[in-house]
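Structural overview for review
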Amino acid sequence: MPKLIPAAERVIRARQLIQQARDLPVPQGGLGKSDLSYIAQVKDFFRQARDMVKFIPQTAGVSVEMKEEVKKIYEEIEQANKELLY
């Protein structure tokens, strides 16, 4: 059985995934942000970040502050998505 990851650790890992997407080099050679491989990699990092925190708000015993952190993660993902892909 897999080891359970605490909610605080999930938030940290989600932020790391968002940062990895930001750190991914934009391809050169005229394709830039229209490179399908680049787009797929960025979206995969965002999907992993969302999956990391998506059940935290429904978990019993999670503080209001932690739920607010999850909302911030979703906002960060949306902001990074706009910055990197549009």
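Residue numbers run consecutively from 1 along every chain, following the written order of its sequence. Totals for whole chains, interfaces and linings use every residue, but because this is a predicted model, local features are given only for residues with pLDDT of at least 70 and side-chain atom pairs only at 80 or more, for both listing and counting. As a convention, hydrogens and water are excluded, and side-chain values are obtained from all of the structure's heavy atoms.

1. Quick notes on the packing of helix α2 (residues 36-53) against helix α3 (residues 64-85)
Every angle, taken between N-to-C directions, lies between 0 and 180 degrees, and every axis is a line fitted to C-alpha atoms, over only the stretch in contact when it is a helix. Only DSSP runs of H or I covering at least 4 residues are called helices, and only runs of E covering at least 2 are called strands; the numbering of each starts at the N terminus. Look at α2 against α3: their axes get within 10 Å of each other, and the N-to-C directions meet at 175°. Of the possible angle classes, the one that applies to α2 and α3 is roughly antiparallel. Across from Y38, I39, V42, K43, F46, A49, R50 and V53 in α2, the residues of α3 making contact are V70, I73, Y74, I77, E78, A80, N81, L84 and L85. Polar here means any residue other than Ala, Val, Leu, Ile, Met, Phe, Trp, Tyr, Cys and Pro, which are nonpolar, and Asp, Glu, Lys and Arg, which are charged; Gly is therefore polar. Along the lines of polarity and charge, the residues of the contact of α2 with α3 split into 13 nonpolar, 1 polar and 3 charged. In this scheme, roughly parallel covers angles under 35 degrees and roughly antiparallel covers those over 145, while 65 to 115 is roughly perpendicular and the rest are oblique. The contact criterion used throughout is that any non-hydrogen atoms of two residues lie within 4.5 Å.

2. Thoughts on α2
End to end, α2 covers 26 Å across 18 residues, agreeing with the expected 26 Å (1.5 Å per residue, within 8%). Looking only at α2, the buried set comprises Y38, V42, F45, F46, A49, M52 and V53. For α2, the arc enclosing every buried residue in end-on projection is 120°, short of the 170-degree limit, so these residues lie on one face. If you follow the buried residues of α2, they end up packed against α1 (7-23) and α3. Two N or O atoms count as a polar contact when they lie within 3.5 Å, although within protein this holds only if one can serve as hydrogen donor and the other as acceptor, and sequence-adjacent residues are included solely when both atoms are side-chain atoms. In this structure D35 caps α2, since a side-chain oxygen of it lies 3.0 Å from the backbone nitrogen of S37. By definition here, a helix of n residues has an expected span of 1.5 Å times n minus one. Each residue gets one of three labels from its accessible area relative to the maximum for its type: buried under 20%, exposed over 50%, partly exposed in between, using a 1.4 Å probe on protein chains only. By arc we mean the arc of the directions from the helix axis to the C-beta atoms, nothing more.

3. Quick notes on the pattern of salt bridges
When a carboxyl oxygen of Asp or Glu lies within 4 Å of a side-chain nitrogen of Lys or Arg, that pair is called a salt bridge. Here the structure, examined in full by the defined rule, presents 10 salt bridges. The closest approach of N and O atoms between R22 and E83, which form a salt bridge, is 3.5 Å. Taken as a pair, R22 in helix α1 and E83 in helix α3 lie far apart in primary sequence, 61 residues in all. Residue class for R22 comes out partly exposed when judged on its relative accessible area of 31%. You can call E83 partly exposed: its relative accessible area is 39%. Two residues, D51 and R47, come together in a salt bridge whose shortest N-O distance is 3.0 Å. With D51 and R47 both in helix α2, this residue pair falls 4 residues apart, about one helical turn. Overall, D51 belongs to the partly exposed group, its relative accessible area being 33%. Owing to a relative accessible area of 41%, R47 belongs among the partly exposed residues under this scheme. The network of salt bridges with shared partners includes R15, E69, K72 and E76.

Honestly, that's just the spatial picture; any functional story needs more than this.
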